[in-house]
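Coordinate analysis (summary)
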Amino acid sequence: MQQKLFRFEVDQSIRVEELKNNTIVALANEESGFTVKLPVRVKRQLYEYFRCLGQPKKFAPKIFAAIIVLAVKKFRNNVSELLIDIEYPGYEVLIIRIIRESLPNLFVCFGMIGKKC
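The present account deals with the structure reproduced in this document.

Thresholds, definitions, all that
Residues numbered from 1 in each chain as written. Predicted model: local features only at pLDDT ≥ 70, side-chain atom pairs only at ≥ 80, totals over all residues. Heavy atoms only, no water. Pairing = 2+ DSSP bridges. Helix = DSSP H or I, 4+ residues; strand = E, 2+ residues; numbered from the N terminus. Buried < 20%, exposed > 50% of the residue type's maximum accessible area, 1.4 Å probe, protein only. Contact = heavy atoms within 4.5 Å. Salt bridge = Lys/Arg side-chain N within 4 Å of Asp/Glu carboxyl O.

**Some details on the pairing of strand β3 (residues 33-38)**
Relative to β3, strand β2 (residues 23-28) runs antiparallel, the two sharing 6 bridges. Residue pairing for β3: leucine 27 is matched across the bridge by phenylalanine 34. As consecutive antiparallel partners, β2 and β3 are separated by 4 residues.

Structure, rendered in structure tokens:
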């Protein structure tokens with residue numbers, strides 16, 4: 001089947017900073033979807049690394065952005081636009097910067113998606 005939709009929504013289940021459960025980040029639209037799982041063990045290691053750097057508050061938004069990049073790169077479909085759920089208010093510019101470092105042609109915007117909208 002030929003892909004018709006190139007805009008995907010991004011949402012996470014279990015926030016990155018919740019260190020007791022795995023985080024799942026999903027890219028999806030009406031045609032298809034893809035998920036990436038961040039295991040608890042890895043989250044704790046990453047949190048410790050950010051804590052040692054003196055950046056514990058940037059841990060969650062930076063890791064969230066990195067997971068989005070990974071998901072887009074691993075996904076077999078073409079993605080030209082992302083609508084990202086507002087998970088980390090005030091960190092949108094940082095998240096976009098991280099995404100654009102790896103995916104410069106991707107259009108990124110934020111909004112309410114899923115159950116909240």
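**Points about the pairing of strand β4 (residues 81-85)**
With 4 of 5 residues buried, β4 lies mostly within the body of the structure. As paired elements, strand β1 (residues 7-13) and β4 share 4 bridges and run parallel to each other. Bridging across to β4, glutamate 9 finds its partner in leucine 83. Sheet analysis places β4 next to strand β5 (residues 107-111), joined by 5 bridges and oriented parallel.

**Points about the environment of phenylalanine 110**
With respect to the element layout, phenylalanine 110 can be found in strand β5. In the structure, phenylalanine 110 is positioned 11 residues away from isoleucine 99 in sequence and 13 Å away in space, judged by C-alpha atoms. Here phenylalanine 110 is in contact with Leu83, Ile84, Asp85, Ile86, Glu92, Ile95 and Ile96, once residues within four sequence places are set aside.

**Focus on the pattern of salt bridges**
For the structure on display, the rule yields 5 salt bridges. The salt bridge partner of glutamate 81 is arginine 7, with a shortest N-O separation of 3.1 Å. Taken together, the residues glutamate 81 in strand β4 and arginine 7 in strand β1 connect sequence positions 74 residues apart. Looking at arginine 7, the relative accessible area reads 41%, which means it is partly exposed. Salt-bridge contacts for arginine 51 lead to glutamate 48; the nearest nitrogen and oxygen are separated by 2.4 Å. Pair noted here: arginine 51 and glutamate 48 are both in helix α1 (residues 40-53), with a separation of 3 residues, about one helical turn. Residue arginine 51 is classed as partly exposed on the basis of its relative accessible area of 43%.

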